[in-house]
Structures are given as C-alpha cells and as structure tokens.
Amino acid sequence: MLRKLVSRRTLAAVGGATALTAAGGYYFLNSGPAYTPSTKESRRPPQPWTPPSREQMLDALKASNNPAEEFDLLIVGGGATGAGVAVDAASRGLKVALVERDDFSSGTSSKSTKLVHGGVRYLQKAVMELDYEQYKLVREALHERKIFLQTAPYLSAMLPIMLPIYKYWQVPYYWAGCKMYDILAGKENMESSYLMSKGKALEAFPMLKQDGLVGALVYYDGQHNDSRMNMALIMTAVKQGAIVANHVEVTSLDKNGTEGKIQGARVRDALTGKEWNIRAKGVVNATGPFSDALLTMDNPAHTPIVQPSSGTHITLPNYYSPRTMGLLDPATSDGRVIFFLPWQGNTIAGTTDTPAEVTATPLPQEEEIRWILEEVRRYLSPDIKVRRGDVLSAWSGLRPLVRNPNAASTEGLVRNHMIHVSDSGLLTIAGGKWTTYRAMAEETVDKAIEVFALQPKRGCVTEQLRLVGSDGWSRNMFIGLVQRYGLETEVAKHLSENYGDCAWTVLSLAQPTGKTWPLHGIRLAPGYPFIEAEVRYAVRHEYAQTAIDVIARRCRLSFLNAQATLDALPRVLEIMAEELHWSAARTAAEAAAATAFLGSMGLQPGAVPRRNVGVVERVESALFGAGKGAGAVPQQIVYSRAQFAAGELDALQGAFGARKGDRQRLEVREAFDLVRGLPGFAGVRQKDFDYVLEEAGFKSSKDVDFDEFVEICAELREVLFAPAPEAKGKTERLRIPVEKSGGGV
C-alpha cells in the first residue's frame, strides 16, 4: 500500500497538481486592475504650466494667412472626437488648429452616460446573431478601455456593475456572457465577473427590490468624467503645440479656384464678431450631430447622413445607490436598456432614445423623465419612494447615428464610426463613442496624412501618451493636498480626481477661508466639493469665457444639481467679472444666459437663487456696492408638509374635514375631486393624479387619511411645477440600438 502511495505516477500527479495550484494562485494574486503609478518620484508639486492665452491663440490662427504659417490640419469641432484628433495629430509633429463654435465638450461629449465600456450588449448581439463585426467592435472597445484608464487615470476608474437576476434560468445565461466578456478582454481585463447570492446582492445594494430576487451577477467596466476628460484632451493638444479656440465658428469653407479643393475656412469669433481666414492643407469635420451642416456648406446638394436621437439622463440624490456599484437593467418594460450609476457623489440614471432634431441645447422631455423614474422604481425596494421632486438635474444629449454616404441607400446605419472624404477634400469623422475616441482619432489622422500628403515627424504615440494632469498624480495625492493646504478631505479628493496633478495649480489660486478648519477651499455650494479657486483656474488655464463654460463643463455642478448651481451662480459671476473685466451689462447678460441654460438642465420654471438676493442684484452689489433684497426662496427638494406653509396646511385640513364628514378616511375618487377644487390645483389631470398615487405607493388604496392626502397634494405640486411636455402628440420611443446603448459620442 505504501509503495503505491509513493509510486512515481502518484508523485508526478501530486507534483503536477501542486504546480498547477501554485500557478493558479500566482495568477489570482497578481490579477485585477494595475493602478498606474506616478511617473514622478518626488512628492513635491510639479512645475506649474501656464498655457498660451486665448488672445495668443487667436493671433496664431490669424497668422496662418502667411503661407509659411499655414496649418497642416484645421479641425472643426472641440468634442471628444475633435480633441482626440488634435492630440493625435499634434503629438505626431503636425501643425494643428482646432476651432469650436460653442465651448469644448458643449455638445454630446458632456452628456454621455459617463461609461468607458467594451459593450456587454454588443457581445450578446455578436453571439446571438453570429455577427463578426460586432465581435470586432467588442475586442476593439475592450482594448481601448484599458488605454483610456491608463492615459488619464485620475479621470477614469473601474466600476462594478450589477445585473440583478429574478429568474433562475438567467443565472447561467448571464454568467456565461460575462465570463466571455472577461475572456475577450484577456490580460487587459479589469476584474473577473462573479455571481452573488441574494443575501450578498442585498448587502451590496440594499436599495434593491428583494421580492423574487434570485441573485446577481457583477461585471466590471470603466467610468469617467466626460467633459473633464475632454478638457484634458484639449490641454494635452495645446501642450503638444496645437492652436485651439472655443467660441469660434466656421462661416464658410475656402476653396481654390482651379480644382475646388478646400484650403481653409473663414471663421468668426462669437464673442467679438471679428472674422478672418484660416489656411490649412486639410480640414477635418468632427462636429458630431452637426456634421451635416459643414457637409452642406461644402456641397449644397449634400444628402444628410446624421439621424439624431436624444438620450435623456436624470440625476438623483446619492441615497438612491451605493457609492461603489452601479446597476444595469438589460431589458426594461419596452425593451430598452437603462443604467443606474453612482457619479460625482450623486446617482445618474438613463438613457432613453427618442427621435430629435439637431439643436444646440436639446431639452429633456417630461415624459422621458417619468419613464426613467418608472423603470428605477421597478428595481428598487418598495419602501423607497421614487419621486419626481428628487430629480436634481436632467439633461438630454444628441446621439448621432450616421449613414455612410459611400454606401448604397438600402444599407443601414454604420455600427461604429464612419470616415468620409468629399470630392473637395473635406474629411468627415462621425459616429463612434467615447470609449473608442483614441482609435477613431488615429484612423482619422492616418487618413488625413494619406489624403493631404502630410509629413508627420513620428508615428502615432497616443497609446502611451499620458494626458495633462496624469504624470504627477497618484491615488494618494489628495493626502498631500490636505497636508499642505488644510483642505477638507472631500474637497481634496474631488480636486485630485478631476484635475490630477494640476490640482496644485488650482489650489495656488485658493483664498483662505478665515476659519480654523478648513484653512483653504471656499465652497461654491453647500454639500458639493466645488471651490471658488476652480472658477479662477478655468478662466486662466482652461479658456472658460462664459458662465456656462464653468458651471457645465469645467465643474459639473449643473449636471449634479440645477438649483444648487443657480444658488452658486452669483458668486461664479462675481469671480468671472473680476477675472475677465466684464461690464455690468455683460455680467447681467451672462446671468440671464446661464439661468436659461439651467432650464435645459431640469431647473424648475420660475426658480430663483435660494439666497436673499437675486443673481443680477448680487452682481450689482459686488460691482457698485448696492444690492436689492428678495423674499424667502423655497428649497428644491422638499418633503411632504415642508411644501406647505402653516396656513395652507390649515386650509387643507379644513377642506379635508368638511369633505369626509364623520368618516375617518376619504375615498380616492373623492380625494381627486377635492384636489381639483383647491386653489392652485385646478390644472390637475386624472393622468397626473394616477401617476402620483403610484409614485406615493397608494395605487392599490381605496381611501386615504389626512396625512396621506397631504402627501398626495405635495407630490401633485411637484408634478405641476415640473416643466410641461411639448404638445407634439405622443412621443415616439425607440429601442436603443445595441451599438449605442450606454451612451456614446
């Protein structure tokens, strides 16, 4: 017996098993995300870098009329695609100019779902339809996801996303799909997906509805701050030698007289009205949903290629989701996909897909906001009341689905992105998504070098090129900020994760608070980590020219809380007026424009700052030493009785008591009639009343008591004060194409 146990075959088997176990253990211990280390050994702040001023940039653009100063490429569009092309071309040694009609990232690039994803749904379609093109898209996106997280590590991070499972047969289905997703990522995978029991799922996501819950599957994708990422790309392009200018619009394309080839463009500064020509060997159209405008400018007979649809997102308070895990509903009530993600301290939910016209500021439709809330309600515990009044912000971005003009008319929309060169030499890059911006840019610059016969000094280096703010950043950098400047930890983390090593420069502009703690970092809005120094930094170092540039793209307050942004607006205007030497008239115009913009971000109609003065009055006070008082302003998020003054509650109680008589409760039908007769509630429709009953959890109730009646009235007041949907008939809802699910550029 002993001889059999110590035989050569047994020892070989034991040795092989031991080696295999050791190898597996080594792989497991060394797997997972590799956090990119700082490239600077010193803990001292890096040397500050001050980019050229906007005036210097405009002078450089005007100088291109001299043949010796001609640009290799003029890029039109300062979103993710245009900025990515600028970084790629400038880092190859080409002479690059970029102009943007509005502000960098003012369009779709700041209104995405904030995901850096390979595309679980793409993979599902590739397998179910045996679609090799979809498979290639997943492989490319997973590769680009890894590069994305390495080149700007402070702006992007991995995020576990939960797929709740309510049917047992879905367990092996989802598990196999997510494991295939992991395998396709290979060594570039973040973390392996895993299955959770019902108990563990509720422990990780306690807000989840537990009735019928079987378990959950968790997979990993990336998340980022889209407009801050866009700014990092712009500033990296500038550091590589590109000339960039926002608020500069192309008014016409300049063509030579013999061949009709484009040799530049005429542009207009939207801030001053001045016009001039820019000469370039090639022009790149990277205007996203507005691609057809430039193509039509090139050729009036152009057939539109963009089929835009709007995607609406909403922002909810942070108690709606855990801080470290998102949720994906792969099949909503009408077949669409919806994400429910923690972001910048709050929770965002979206997206929808509705046909839309190309406009500079698409408005979120009330019907779409309610649909998102209904879907969120389906997945959350019944004891969580999902209310319309909890929507802190809402925005809509255009999703530019494109057709390839070279394809036959019967062919469908392109799955990823499309590059097209017109007869006159206009190079258009359209479609795609945030995750693959770098690959799109590389392909575009390769095509430009071929078409325009450019001579770069080197090949593409963007796989290794780290963006501005990355070199001196580490995950522990915020500790140094706290120790040097006496910041609150929340503020220090915010600055570290949004500016990277440029946070040191931001804080060099910070004023003392005058308190024992914190010593620096005066907040713009209570409850949010944005500080006043960020406004000065945006003006001096990031080309912010308007109040909207700051509140929407440089700091993300308007995406997190529209009312809090309105509250902070007076101080933002004060700082910008000081930095840019605005007149009182310009400051008042900026206040009006910013307030109107917040209306497109879900601000309630008629809202005013929750301070004792209005926006214009506060600015006038700062400029001239005189201010005007204003009355008390209601809060944005309120809870039941907090919506009513004492006199209003007495009136409600009197009306309720008179209607119910000797009864303890009032029938729901009678409650609706009573509400319709109350002052301020005459416009309540049966549809609104039914919606509120479901929202408040009274849908199955036959009668209500006084407290429940007050709650219904409070909810109705929120609904009545919400922006009214446009009267265009029934909104057409589309099922989001797999190619665009999760948001894209």
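This structure is a prediction, so every number in the text was calculated from the model and none was measured.

A tally of helices and strands in the chain yields 25 helices and 20 strands. Within the span of the chain, comprising 745 residues, buried residues form 55% of the whole. For the chain, the proportion of contacts with a sequence separation of at least 24, taken over those separated by at least 6, is 74%. For the chain, the exposed surface amounts to about 32100 Å²; the carbon and sulfur share of it is 53%.

With that out of the way, let us pick up the nonpolar core. Core analysis: the biggest nonpolar cluster contains 98 residues, and Leu-61, Leu-74, Val-244, Leu-481 and Leu-495 have the highest contact counts within it. Top element by residues in this core is helix α9 (residues 226-239). It accounts for eight residues. Beyond its immediate sequence surroundings of up to four residues, Leu-481 is in contact with Gly-486, Leu-487, Ala-492, Leu-495, Ser-496, Ala-503, Trp-504 and Leu-507. Of all hydrophobic cores here, the second largest spans 61 residues; its members include Leu-159, Trp-343, Ile-575 and Leu-598.

Our focus in this paragraph is the confidence of the model for the chain. Looking at the chain, pLDDT values average 85 and 86% of them are 70 or higher. Low pLDDT, under 50, characterises residues 724-731; the predicted model gives this stretch seven contacts beyond four residues in sequence or across chains. Here residues 733-745 is modelled with pLDDT under 50, and outside its nearest four sequence neighbours on either side it reaches 60 contacts, counting other chains as well.

Our next topic: the pattern of salt bridges. Within this structure, the stated rule accounts for 40 salt bridges. Between Asp-269 and Arg-54 there is a salt bridge whose closest N-O contact spans 3.1 Å. Placement of Asp-269 in strand β9 (residues 262-269) and of Arg-54 in helix α3 (residues 54-62) is noted, with a sequence separation of 215 residues between them. Arg-554 is paired through a salt bridge with Asp-103; the nearest N and O atoms lie 2.6 Å apart. Residue Arg-554 is located in helix α17 (residues 547-554), and its partner Asp-103 is located in the loop between β2 (96-100) and β3 (115-116); the two are separated by 451 residues in the primary sequence. Judged by relative accessible area, which is 0%, Asp-103 ranks as buried. Where salt bridges share partners, they join Asp-103, Asp-549, Arg-553 and Arg-554 into one cluster.

How each quantity is defined
Residues numbered from 1 in each chain as written. Predicted model: local features only at pLDDT ≥ 70, side-chain atom pairs only at ≥ 80, totals over all residues. Heavy atoms only, no water. Helix = DSSP H or I, 4+ residues; strand = E, 2+ residues; numbered from the N terminus. Buried < 20%, exposed > 50% of the residue type's maximum accessible area, 1.4 Å probe, protein only. Contact = heavy atoms within 4.5 Å. Areas by Shrake-Rupley, 256 points an atom, 1.4 Å probe, with all protein chains shown as cover. Core = buried A, V, L, I, M, F, W, Y, C linked by side-chain atoms within 4.5 Å. pLDDT = per-residue confidence, 0-100. Salt bridge = Lys/Arg side-chain N within 4 Å of Asp/Glu carboxyl O.

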